[in-house]
Amino acid sequence: MPFGVAVFAIAVSFGVLARPVMGVAAPIVMSIVVFSGAAQFGSLAILLAGGGTGAAIAAGVLLNARYLAMGLALAPSLRGRALSRAAFAMTTVDASWAAASSGDGSFDPWYMVGATVPQYPGWVLGTVAGVLAGRALGDPRTLGLDALFPAFFVALLYEEVRGRRKRVAAAGGAGIALVLTPFAPPGLPILCAAVAAALASRMDP
């Protein structure tokens, strides 16, 4: 349930920011179909900067490419036939994936499902609230809502970087993202950082 509450608050900020750019229906439909804060905020950032629909979609796809690496890590912990494994994979979101990690490279798929179940309605309902009450809420920055999304990911990272090798991998990935951000298209710095961090974390100490 805490995951659902946190996601609801983040989704409110998305709805508030998205309505002036995307209208009333599009942000809600996007949350129902995409259900990915990173991709949705990344696409919104492109639109806010004056970019086109194609560029916004490309940014979202690049940001969601991180699920390829997450899926490869999760796959050995899944059992059953292809459809059953795919059903579990559909519940993969950042917070649930991190929470389901046992720390030794394995995952608890049912824990991941349980962590995702309250997040989906929280994300959709939060977006609806943000879109409908956006004008009453005003600028989300005055309420600190703009800090929720990065704070959420920092909290997830904190639990994952125990051990010297993981800390080095995380620091290296952060450095790569910072260096590439001013020059590379949105989404690509995060993807490069994730790949580099994944490779570094598997190197012999």
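Throughout, residues of each chain are indexed from 1 in the direction in which the sequence is written. Predicted model: local features are reported for residues with pLDDT of at least 70 only, side-chain atom pairs are reported and counted for 80 or more only, and whole-chain, interface and lining totals are derived from all residues. Hydrogens and water molecules were not included; the side-chain quantities draw on all heavy atoms of the structure.

Engineer: Can you break down the overall build of the protein chain residue by residue, with the values?
Structural biologist: For the purposes of this entry, the term helix denotes a DSSP run of H or I that reaches at least four residues, the term strand denotes a run of E that reaches at least two, and both are numbered from the N terminus. A tally of helices and strands in the protein chain yields 12 helices and zero strands. Think of it in three bands: residues with accessible area under 20% of the maximum for their type are buried, residues over 50% are exposed, and the middle band is partly exposed, with areas taken using a 1.4 Å probe on protein chains only. Burial status across the protein chain gives 37% buried among its 205 residues. Every residue pair with non-hydrogen atoms within 4.5 Å of one another is taken to be in contact. A fraction of 68% describes how many contacts in the protein chain between residues 6 or more apart in sequence connect residues 24 or more apart. With an accessible surface of roughly 11,400 Å², the protein chain has 72% of that area assigned to carbon and sulfur atoms. Calculation of accessible area relied on Shrake-Rupley with a 1.4 Å probe; when residues are assessed, cover is drawn exclusively from the protein chains displayed.

Engineer: Quick rundown of unusual backbone geometry? Include the residues and the values.
Structural biologist: Notably, F35 is not glycine yet its phi reads approximately 50 degrees, a positive angle. On the secondary structure map, F35 appears in the loop between α2 (25–33) and α3 (37–48).

Engineer: Help me get a handle on the packing of helix α1 (residues 2–22) against α3, residues and values and all.
Structural biologist: The relative placement of two packed helices comes down to the angle between their axes together with the axis-to-axis distance. Lines are fitted to the C-alpha atoms to define the axes, a helix being fitted only along its stretch in contact, and any angle between axes, read from their N-to-C directions, falls within 0 to 180 degrees. Orientation of α1 relative to α3, taken along the N-to-C sense of each, is 30 degrees, at an axis distance of 10 Å. In terms of their interaxial angle, α1 and α3 are classed as roughly parallel. α3 is crossed by α1, and the crossing has left-handed handedness. When α1 is examined against α3, the residues I10, S13, F14, L17, A18, V21 and M22 are found in contact with a partner set consisting of Q40, F41, L44, L47 and L48. A per-class count over the contact of α1 with α3 returns 10 nonpolar, two polar and no charged. Here is the rule for angles: anything less than 35 degrees is roughly parallel, anything more than 145 is roughly antiparallel, 65 through 115 is roughly perpendicular, and the remaining ranges are oblique. Less than a right angle of anticlockwise turn of the near helix away from the far helix marks a crossing as left-handed, whereas a clockwise turn marks it as right-handed. Three categories are distinguished: nonpolar for Ala, Val, Leu, Ile, Met, Phe, Trp, Tyr, Cys and Pro, charged for Asp, Glu, Lys and Arg, and polar for the others, with Gly belonging to the last.

Engineer: Summarise the packing of aromatic side chains; cite the residues concerned and give the values.
Structural biologist: When the centres of two rings from Phe, Tyr and Trp lie within 6.5 Å, Trp using its six-membered ring, the rings pair. Their planes under 30 degrees apart give stacked, over 60 give edge-to-face, and anything left gives tilted. According to the stated counting rule, one finds five aromatic pairs in the structure shown. When the ring of F14 is compared with that of F41, the centres are 5.6 Å apart and the planes differ by 75 degrees; the resulting orientation is edge-to-face. Of this pair, F14 sits in helix α1 while F41 sits in helix α3; the two residues are 27 residues apart in sequence, bridging distant segments of the chain. Taken as a pair, F14 and F41 share a single burial class, namely buried. Summarising the aromatic geometry, the rings of W97 and F107 are spaced 5.1 Å apart at their centres and angled 35 degrees between planes, so their arrangement reads as tilted. In this pair, W97 sits in helix α7 (residues 94–99) while F107 sits in the loop between α7 and α8 (109–116), placing the two residues 10 residues apart along the sequence. We note that W97, like F107, is buried. An aromatic cluster is defined as three or more aromatic residues linked by ring pairs; in this entry it consists of F14, F41 and W123.

Engineer: Summarise the confidence of the model for the protein chain; cite the residues concerned and give the values.
Structural biologist: Averaged over every residue, the pLDDT of the protein chain is 83; the share at 70 or more is 83%. Here pLDDT means the predictor's own confidence in every residue, given as a number from 0 to 100. Helix α10 (residues 148–160) is the least confidently modelled element of the protein chain, averaging 68 in pLDDT, while α2 averages 95, the highest of any element.

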